[in-house]
Structures are given as structure tokens and as C-alpha cells.
Amino acid sequence: MREALVLALAYLLGSIPFGYLAGRLRGVDIRASGSRNTGATNVFRTLGRGLGITVMAADILKGLAAVLIARALLDDPWPLAAAALAVAGHVFPVWLRFRGGKGVAVAAGVLIGVMPLVSLTLVAVWVAIVLTTRYVSVASIVCALALTPLAWLYGYDWPSLILAGVVSAAILVRHRANLIRLARGQELRIDLGRARRA
């Protein structure tokens, strides 16, 4: 019973739609703007840098919280299952008819909890790629591809490698449209300059 409650809580934490809520604060339905998903990048583009960074931080923290709660109450490998469900909650939130974000920020949060060395490495890679190319999608796709190999190189066990593979696959699937736009040369770069107003 405890396991079921902790896993349900992990999903519900992951499903908190901070991007959608940020849009509502500005009178905007983020699902009808920009790329039409509730992730931090769309908030950044649509509502400005401040809210975009805030939503990203909140998404990271909700993933980390799901894992820390599981670690406090359950033995391994349950925190790994909680990590997977937090990502699933973000991508498929029950509150928004299962239409959420792409899972990158919440994945960073859960990985801080279960694979901190991998997460910190990938965050550095992600930031470097975004700063040099201004393509958030490229940074996210590269990190998703590198996730499982890095977990293996750092010596994590098989359950952790399975989680890495699942998270990586989920992020790549959610970036299908970005991959098509990149191939066609139509992907938009992010503006890292002055924040936009809604």
C-alpha cells in the first residue's frame, strides 16, 4: 500500500502543470500559443524569460521532490519507479487531458535524485549547447541520446540504466516534430536577450 501511494504521489507531483498555470497568471492558455505545449521553453518564448526560468526551476524541483519522497519512504528500486512516474506525469498530466510538456526539466530533476553525476554532466552539456547554438531542442535531443551511455560509463546498475533508457526514449519521442523541423531547417532558435512581455 505504501508503495502504491508513493508512486501515485510521484505521478501527481510530476503532473503539476506549472507552465499552464504560469500562462493563466498572464491570461494566456499556453496550449494555444507557440509550440502549444506546457513546457518551460514555450513559456520562455511566449511569456518571457523570467516566467520561463521560473517554470523550468519548478519542473526540476517537482521531479526531485518525487524522488526524495520515495527515497525517504521506500527502499530501492522504488525511487527509480517514482522517477519514471514523475516524468510520465509531466508528459501526460491528468489535469490537462494528458497533454503536457516534453519532459526535459522534470527529467533533470529526477536524475539529480537518482543519478546526480549524470544529471550534472547533462545539465552542463545542455547549457553549453543552448548558449552556443540557441537551439533548445538540439540540446535536449543530444542530452537524451547521451543519457544511457553516460549512466553506463558512470557505473550505475541495470535498474538505473533501464530508467535512463525509458526517460531518453520518452524525450526523443516528444521531440519528433523538432527533429522534422531541424531536418527541414525550420526550427526556431531561442532568444536569450531581453525578456518578452506577454
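Sequence order as written defines the numbering, with residues in each chain counted from 1. Thresholds applied to this predicted model are a pLDDT of at least 70 for local features of residues and 80 or more for the giving and counting of side-chain atom pairs; totals over whole chains, interfaces and linings are not thresholded and use all residues. Only hydrogens and water are removed before side-chain values are computed, so all heavy atoms of the structure are retained for them.

## Brief notes about the overall build of the protein chain
Reasoning step 1: A helix here means a DSSP run of H or I that spans at least four residues, while a strand means a run of E at least two residues long, and both kinds are numbered starting from the N terminus. From N to C terminus, the protein chain includes 10 helices and 0 strands.
Reasoning step 2: The size measure is the radius of gyration over C-alpha atoms, and the globule rule it meets is 2.2 Å times the number of residues to the 0.38 power. Here the C-alpha atoms of the protein chain give a radius of gyration of 16 Å, agreeing with the 16 Å that 2.2 N^0.38 yields for 198 residues.
Reasoning step 3: Across its three principal axes, the protein chain shows a C-alpha extent of roughly 45 × 35 × 25 Å.
Reasoning step 4: Classification of the 198 residues of the protein chain by burial places 45% in the buried group.
Reasoning step 5: Restricting to contacts in the protein chain with at least 6 residues of sequence separation, those with at least 24 account for 67%.
Reasoning step 6: Taken as a whole, the protein chain presents about 10200 Å² of accessible surface, with 66% of it coming from carbon and sulfur.
Reasoning step 7: Charge convention: Lys and Arg are scored as positive, Asp and Glu as negative, and His as well as the terminal groups of each chain are ignored. Lys charges are placed at NZ, Arg charges at CZ, Asp charges at CG and Glu charges at CD. Charge-centre separation for the protein chain: the mean point of 21 positive side chains lies 16 Å from the mean point of 8 negative side chains. Three exposure classes are used, based on accessible area relative to the maximum for each residue type with a 1.4 Å probe and protein chains only: buried under 20%, partly exposed in between, and exposed over 50%. In this description, contact between two residues means that some pair of their heavy atoms is separated by no more than 4.5 Å. Here the accessible surface of atoms and residues is derived via Shrake-Rupley with a 1.4 Å probe, and residues count as covered only by protein chains that are part of the display.

## A short note on the packing of helix H3 (residues 40-47) against helix H4 (residues 49-73)
Reasoning step 1: Angles run from 0 to 180 degrees between N-to-C directions of axes, and those axes are lines fitted to C-alpha atoms, restricted for helices to the stretch in contact. Direction vectors running N to C along H3 and H4 enclose 165°, while the axes themselves pass 7 Å from each other. Comparing their axes, H4 and H3 come out roughly antiparallel. Here H3 and H4 pass one another in a crossing that is right-handed. Contacts between H3 and H4 involve Ala40, Val43, Phe44 and Leu47 on the former and, on the latter, Arg49, Leu51, Gly52, Ile53, Val55, Met56 and Asp59.
Reasoning step 2: For the contact of H3 with H4, a count of residues per class yields 8 nonpolar, 1 polar and 2 charged. In this scheme, roughly parallel covers angles under 35 degrees and roughly antiparallel covers those over 145, while 65 to 115 is roughly perpendicular and the rest are oblique. It is the rotation of the near helix from the far one that decides the hand of a crossing: anticlockwise by less than a right angle makes it left-handed, clockwise makes it right-handed. Residue classes follow a fixed rule: Ala, Val, Leu, Ile, Met, Phe, Trp, Tyr, Cys and Pro count as nonpolar, while Asp, Glu, Lys and Arg count as charged, and any other residue, Gly among them, counts as polar.

## A look at the pattern of salt bridges
Reasoning step 1: Counted as salt bridges are all cases of a side-chain nitrogen of Lys or Arg within 4 Å of a carboxyl oxygen of Asp or Glu. Applying the stated criterion across every chain, the model contains 5 salt bridges.
Reasoning step 2: For Lys62, the salt bridge is made with Asp59, and the minimal N-O distance between the two is 3.3 Å. In this pair, Lys62 and Asp59 both sit in helix H4, 3 residues apart, roughly one turn of the helix. In this pair, the class of Lys62 matches that of Asp59, namely buried.
Reasoning step 3: A salt bridge links Glu187 to Arg181, with the nearest nitrogen and oxygen atoms 2.7 Å apart.
Reasoning step 4: Arg181 gets classed as partly exposed once you look at its relative accessible area, which sits at 28%.
Reasoning step 5: Here the residues in one salt-bridge network are Arg24, Asp29 and Arg31, joined through shared partners.

## Let's talk about the confidence of the model for the protein chain
Reasoning step 1: Think of pLDDT as the predictor's per-residue confidence, scored from 0 to 100. For the protein chain, the mean per-residue pLDDT works out to 92, and 97% of the residues sit at or above 70.
Reasoning step 2: Low pLDDT (under 50) marks residues 194-198, which in the prediction has 12 contacts with non-local residues, meaning those over four places away or in another chain.

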